Amino acid sequence: MKLYTIGYEGQPQAEVIGRLKDAGVQVLADVRAVAASRRAGFSKTLLAGSLAESGIEYVHLRGVGTPKAGREAARAGRRDELHAIYGAHMQEPAFQLDFERLRQTARDRPTAILCFCGDHAKCHRGILSARLEAEDGSETVNL
């Protein structure tokens, strides 16, 4: 199984959706804790509508999003701190439930996980995809 990841930092909505379509993605799993954005077209309702018009299903998995302290650590470039905060968050029931939803969705259909960060290695998308690789043998493709 392939799992795609994509960040929208510095990208217009049309380009992100185009990359998803080109890859054959059928489901976009929004893994932001807060599905709001100052970037045009990336707030939950607008993004879901645009994806639907392109034939891509949208699902928001808030539980696997990064807690505020983790987002602050990521913005400041404190990767070790992000990993520690997110590691603790991964033990919480809300995370466990949404992670299982992500796992099942990715097994069923080509799925991409989305958040803001342009570099998956600097955010929780990399942590999520690494866990799915280790536990399910998935292959990660960073778009």
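Treat the numbers as computed from the prediction; the structure is a model and nothing was measured.

Conventions we followed
Residues numbered from 1 in each chain as written. Predicted model: local features only at pLDDT ≥ 70, side-chain atom pairs only at ≥ 80, totals over all residues. Heavy atoms only, no water. Buried < 20%, exposed > 50% of the residue type's maximum accessible area, 1.4 Å probe, protein only. Helix = DSSP H or I, 4+ residues; strand = E, 2+ residues; numbered from the N terminus. Arc of directions from axis to C-beta. Contact = heavy atoms within 4.5 Å. Phe/Tyr/Trp six-rings, centres within 6.5 Å; stacked < 30°, edge-to-face > 60°. Lys NZ or Arg CZ within 6 Å of the ring centre and 35° of its normal. Core = buried A, V, L, I, M, F, W, Y, C linked by side-chain atoms within 4.5 Å. Salt bridge = Lys/Arg side-chain N within 4 Å of Asp/Glu carboxyl O.

Novice: Sorry, what's going on with helix H4 (residues 79–89) here?
Specialist: Each full turn of the α-helix corresponds to 3.6 residues, which orients residues three or four apart in the same direction. Leu-82, Tyr-86 and His-89 are the residues of H4 that are buried. Considered in projection along H4, the buried side chains sweep an arc of 50° and stay on one side of the axis. In this structure, H4 carries Asp-80 and Ala-84 as exposed residues pointing more than 90 degrees from its buried face. Considering only its buried residues, H4 is in contact with helix H3 (68–75), helix H5 (93–108) and helix H6 (124–136).

Novice: What am I meant to see in the packing of aromatic side chains here?
Specialist: For any two aromatic rings, the description comes down to two numbers: the centre-to-centre distance and the angle of the planes. Tallying each qualifying case throughout the model produces four aromatic pairs. Relative to Phe-95, the ring of Tyr-86 lies with its centre 5.8 Å away and its plane at 85°, an arrangement referred to as edge-to-face. Taking the centre distance of 5.6 Å and the plane angle of 15° together, the rings of Phe-95 and Phe-99 count as stacked. Note that Phe-95 and Phe-99 are positioned in helix H5 at a spacing of four residues, about one turn of the helix. Using a relative accessible area of 0% as the deciding quantity, one classes Phe-95 as buried. Ring pairing ties together the aromatic residues Tyr-8, Phe-42 and Phe-116, which thus form one cluster. Seen from the ring of Phe-99, Arg-131 lies directly overhead, with NZ or CZ sitting 4.2 Å from the centre.

Novice: What is the right way to read the environment of Glu-9 from this model?
Specialist: By the element assignment, Glu-9 lies in the loop between strand E1 (2–7) and helix H1 (13–23). Between the C-alpha atom of Glu-9 and that of His-120, which follows or precedes it by 111 residues, the distance is 11 Å. Non-local contacts of Glu-9, meaning those with residues more than four positions away in its chain, are made with Phe-116, Cys-117 and Gly-118.

Novice: In this structure, what is going on with the nonpolar core? I would like to understand it.
Specialist: Across soluble globular proteins, nonpolar side chains show a tendency to be buried alongside one another. Within the largest apolar cluster, 20 residues are counted, with the highest numbers of intra-cluster contacts made by Val-64, Tyr-86, Phe-95, Ile-113 and Leu-128. Breaking this core down by element, the ones donating at least two residues are strand E2 (27–30), H5, strand E4 (111–115) and H6. Leaving out residues up to four positions away in the same chain, Tyr-86 has contacts with Val-64, Gly-65, Thr-66, Pro-67, Phe-95, His-124, Ile-127 and Leu-128.

Novice: Just checking my understanding: could you explain the pattern of salt bridges for this structure?
Specialist: Oppositely charged side chains may form a pair once their charged atoms are brought near each other. One pass over the structure, following the stated rule, counts ten salt bridges. One salt bridge connects Glu-100 with Arg-103, and the closest N-O pair in it is separated by 2.5 Å. With a gap of three residues between them, Glu-100 and Arg-103 both fall in helix H5, about one helical turn apart. On the accessibility criterion, Glu-100 (39% relative accessible area) is partly exposed. Residue class for Arg-103 comes out buried when judged on its relative accessible area of 7%. By sharing partners, the salt bridges in this structure join Glu-100, Arg-103, Arg-107, Arg-131, Glu-135 and Asp-136 into a single network.

Nothing here speaks to function; it is geometry throughout.
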